[in-house]
Amino acid sequence: MRITMTLYLSARYIFCYLLLLIGISNAYLSPPPRSVGSGSLRYHGISSSSCTTTRTSTSLHVFFNNNSKSTNNGTPEKGEDLFKTLELKDEALLQAQTAVSSLESALESAVTNLEYMQEQLQLRVVDLEKELTSTKNELSTSQNELDIAVSDLQLAQQQLTESQRQFEELEIALGESEDAARRAEMRAERLQSELTSLKEDQKSGVMYGDSDDSGSNVVAEKKSVKKSWNNLFQSAVDSASAAAAASSSIPTLNEWIAIKGSTEGDVQISGKVTNHPTIDDGDAIVTSPLMDPSQAKERKIVSTSSGSRYRLGTPLTLPSSAASVDVNEAKNKFNQQKEERRQQILARARTSSESIPEITDQTLGNGRYILAGKAIPSVNGRSLIQTAYRSTPLGTATGEPLIIKISGNNEAMKREYDNYQRVSGGLKKGQFIRRKEFLLNAGEEMPGMSALVMQRGVDDVKAFMPKVGGKLEGPLLLDCAVTALRCMEALHGVRLVWNDLKTENFVVVEDERTGDISFRGIDLESCMPVKSNPVDFTPEACPPEFAKSFMTGEAESFSLEYNYDVWSYGMFLYEISTGRGFFDGVSAEQITKKLPIFEPLVDNVPDPTLADLISKCLSITPRDRPSLARISKHPYFDGYAGNSKNPFDFLFGGKSS
C-alpha cells in the first residue's frame, strides 16, 4: 500500500510539472491573436480596454499589453520589449530546468524507497518461511507426543481391565473362602457336638459294653476308642482354628462418625469401609443401628442390629462449628452406591454364567427339536436336562434356546405337566417357568421316554448366588422371596402342596429387552393334593413332623398339609438371605435324624424383619406356622413395589404361563 501511494504521488507531481512547461512554451512561442475589422484586442475572452485599465500579474500579459501600446502609440520601444522578453524566457527555462531536476530527484528517491521496501518485503518473507518451518516441526513433535500419549492410554486401559478382572477373581475367591470358613465352622460345631456325645458315652460306659470280656480286649478297645477320640478332637481343633481365623476378618470403618438414626435413641455409624467381603475398599456406608451405642469408640468392635460387626478405626475430625450429619443424605448416598454395586454384580454374573452350548446333530420328537450341548442330570438324578432349539422343515435350528426335561418315569412327567396345567387354570397364576410343549412320547430318538419343553433360564438360584456375592440382597432378595410366595399361593389355590420348595427349583430369567432379572418356579412333579400322601421328599425342605414319620416308618401314610410348604419356605428364605442352608454339607440321613430335635437359629440373617418372618415359618409346631395370608401381610413385604392396595391386583398379579 505504501509503495502504491508513493508511486501515485510521484507520477502526479511529474504530470503537473509537465503541464506547466507545456503551458509556458505555448505562451512564448505563439503570437497573440488579433481580431479582424473591429480593431479591438481580445485574449482568451478579455477585451483590450480591460487590459489597459486592469494590470495582470503575469509577465506574459505585460508583454502583450506593451506590444499593444507600442503599436497604438507608434512609439519605437521594440528593443526594450525584446530584451525583457528574452530575460523572461531565460528565467522560465531556468525554472523549468529546476523543476525537472526536482522531479528527477523525487523519482530517484521514490525508486530508492521502492527498492528498500522490496528488500524489507523479501526479508519478511524469509522470516515467515522460517516461522512456518518451525511451526511444522512443532506440530510434528506434538503429533508424535500425542501418539505416544494415546499408546500409553491404551496400555493403561488394558492394565485397568486386567486389574478389574483380577479384582473380580479375588472377590470370587474371597466368597469361596468365606463359604469354606462357614463350612469349617459348621463342621467344628458338629464335631464339638459329637465330642460331647462321645464324652457322655464314655462316662456311662456305653462304648465299652457290659459283657465280661477279658481285660486285654477291654484295654485294646479303650486304646482304640481313645485314639479315635484324640483324632476326632484334633480334627475339631483344626476346624475350629480355621473357623476362628476366617471369622477374625472383620470389616474396618475409618473416618467414621456416630449419627442419629431414624428412630429415637438409635445410633448408627457412617464411614469408609475396608476389608468388607462385598463392598469396595473406600466406599462410604451407613451401618444399621448399634446394639450398644456406648461402644462407639476408636479401636472398638461394634455389633449392629442386623448381626454385622465392624472394627472402628480412625474417627472423622470435624470443625467445632460443624453441624449434625444428615442421616438421610448419608443413607441416600449409600443406597446409590449399593445400587451401582448391584449392577456391577449382575453384570459379572451374566458374563460368568454358562454360555449357550453348541448345536449338535441329535434331534428329539421325531426331528421336532434339535438338541444342543450335553445332557445334564437333574438334582435328584431322575431326569436329564438339555438345551434345544425348535427345528424348521429344512432341519435347521430357529427361535430362542429352550430347555427339555427328559425322563423315563412317564407317570411323574405326566403328573408334573398336569400340575402345571392345573395351576394355569387357577385364579392365582404364580410365577412359574413358561412351558412350550409336553411330549408323552419323546420320539423314535428316545423310545419309552417323555419330554417337557420349557423356557430356558440363566441358572438356578443356588448356582446363581455365588456369582452375586454368595447370597441375595436388596431388591433381588425381596423379588425372589415374593416369587416363591406367589408360587405357593398359586399351588395352594388349586389345593396342591408343593412338597419340594427349595433354591434348586427356582431359576433366574433375564429379560432380553430390558436386562432385568426375575425368578421363576420349576419342577412340580412332587406336588400332591392336600391331605394326600407324599410320593417324594427332599430332606433339606421337609419339616420335622415328616422326618419323624419317616424315622418311624410312617412316611407313606403321612398326610400333606399346607404348613409343610411354609416350613420349606422358611428354610428357603434363610438360605437365600445368608448364602448357606442350615444343613449344607450334611448327608440326607443325618438331616432326617436331626430334624425332629432341630432348633433353628436366625441370628445370621442380616435383616431383623426377615429374621422374624423366618423364625415364624420355622416353628416346630405345625399349627404355629403362619398362613400364606399372614405371610403376605408381614412387615418384610411392606416395601415391595409390586404390592398393591387393591386386593384384586394381588389376586391376579401373577402372569399366566
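Just above sits the structure.
(A) Fine view of the overall build of the chain. Counting its secondary structure elements, the chain contains 15 helices and 16 strands. In the chain, which comprises 657 residues, the proportion classed as buried is 34%. A separation threshold of at least 6 residues defines the contact pool for the chain, and within that pool the share at least 24 residues apart is 61%. Here the chain has roughly 39,300 Å² of accessible surface; of this, 54% comes from carbon and sulfur atoms.

(B) Highlighting the side chain of Glu416. Here Glu416 lies in helix α7 (residues 410–424). Setting aside residues up to four positions removed in sequence, Glu416 forms contacts with Lys405, Leu452, Asp523, Leu524 and Glu525.

(C) A look at the nonpolar core. Ranked by size, the top nonpolar core spans 75 residues in total, and within it Leu472, Tyr569 and Phe637 carry the most contacts. Ranked by residues supplied to this core, first place goes to helix α9 (residues 474–493) with twelve residues.

(D) Summary view of the pattern of salt bridges. One pass over the full model with this rule turns up 17 salt bridges. We note a salt bridge from Asp459 to Lys467, for which the minimum N-O separation is 2.5 Å. A residue is classified by how much of its surface remains accessible, and Asp459, at 14% relative accessible area, is buried. Here Lys531 makes a salt bridge to Glu561, at a shortest N to O gap of 2.7 Å. Separated by 30 residues along the polypeptide, Lys531 in the loop between β16 (528–529) and α10 (544–551) and Glu561 in the loop between α10 and α11 (562–578) bring together distant segments of the chain. In this structure Glu561 comes out as partly exposed when scored by relative accessible area, which is 25%. When salt bridges that share partners are traced, they join Arg382, Lys405, Glu416, Asp523, Glu525 and Asp536 into one network.

(E) Expanded view of the sheet that holds strand β6 (residues 359–364). What the six strands build is an open sheet, ordered β6-β7-β8-β9-β11-β10; its pairing is antiparallel. Looking at strand neighbours, the two that pair on one side only are β6 and β10 (435–439), the edges of this open sheet. Put simply, the sheet's adjacent strands are angled 35° from each other on average, direction ignored. Alignment of strand β9 (residues 397–407) against strand β11 (residues 450–455), held across six bridges, turns out to be antiparallel. In the strand pairing of β11, Ser407 is matched with Ser450. Contacting β9, β10 and β11, α7 runs over the sheet at an angle of about 35° to β11.

(F) Broad picture of the packing of aromatic side chains. Scanning the entire structure with this criterion turns up 16 aromatic pairs. With centroids separated by 6.3 Å and ring planes inclined at 80°, the aromatic side chains of Tyr420 and Phe432 adopt a geometry described as edge-to-face. Taken together, the positions of Tyr420 in helix α7 and Phe432 in the loop between α7 and β10 put the pair twelve residues apart, joining distant regions of the chain. Comparing Tyr420 with Phe432 shows no difference in burial state: the two are buried. Every member of this aromatic cluster is reached through a ring pair, and the members are Tyr420, Phe432, Trp498, Phe506, Tyr569 and Phe572. The cationic tip of Arg390 hangs over the ring face of Tyr369; the distance from NZ or CZ to the ring centre is 5.5 Å.

(G) A look at the packing of α9 against α11. As a packed pair, α9 and α11 sit with axes 11 Å apart at the nearest point and diverge in direction by 170°. Overall, the two elements α9 and α11 adopt an arrangement that is roughly antiparallel. The handedness of the crossing between α9 and α11 is right-handed. Contact residues: α9 offers Leu477, Cys480, Ala481, Ala484, Leu485, Met488 and His492, while α11 offers Tyr562, Asp565, Tyr569, Phe572, Leu573, Ile576 and Ser577. The residue inventory of the contact of α9 with α11, partitioned by class, reads eleven nonpolar, two polar and one charged.

The rules behind each value
Residues numbered from 1 in each chain as written. Predicted model: local features only at pLDDT ≥ 70, side-chain atom pairs only at ≥ 80, totals over all residues. Heavy atoms only, no water. Helix = DSSP H or I, 4+ residues; strand = E, 2+ residues; numbered from the N terminus. Buried < 20%, exposed > 50% of the residue type's maximum accessible area, 1.4 Å probe, protein only. Contact = heavy atoms within 4.5 Å. Areas by Shrake-Rupley, 256 points an atom, 1.4 Å probe, with all protein chains shown as cover. Core = buried A, V, L, I, M, F, W, Y, C linked by side-chain atoms within 4.5 Å. Salt bridge = Lys/Arg side-chain N within 4 Å of Asp/Glu carboxyl O. Pairing = 2+ DSSP bridges. Axes fitted to C-alpha atoms, helices over the stretch in contact; angles between N-to-C directions. Phe/Tyr/Trp six-rings, centres within 6.5 Å; stacked < 30°, edge-to-face > 60°. Lys NZ or Arg CZ within 6 Å of the ring centre and 35° of its normal. Parallel < 35°, antiparallel > 145°, perpendicular 65-115°, else oblique. Left-handed = near helix turned anticlockwise from the far one by under 90°. Nonpolar A, V, L, I, M, F, W, Y, C, P; charged D, E, K, R; others polar.

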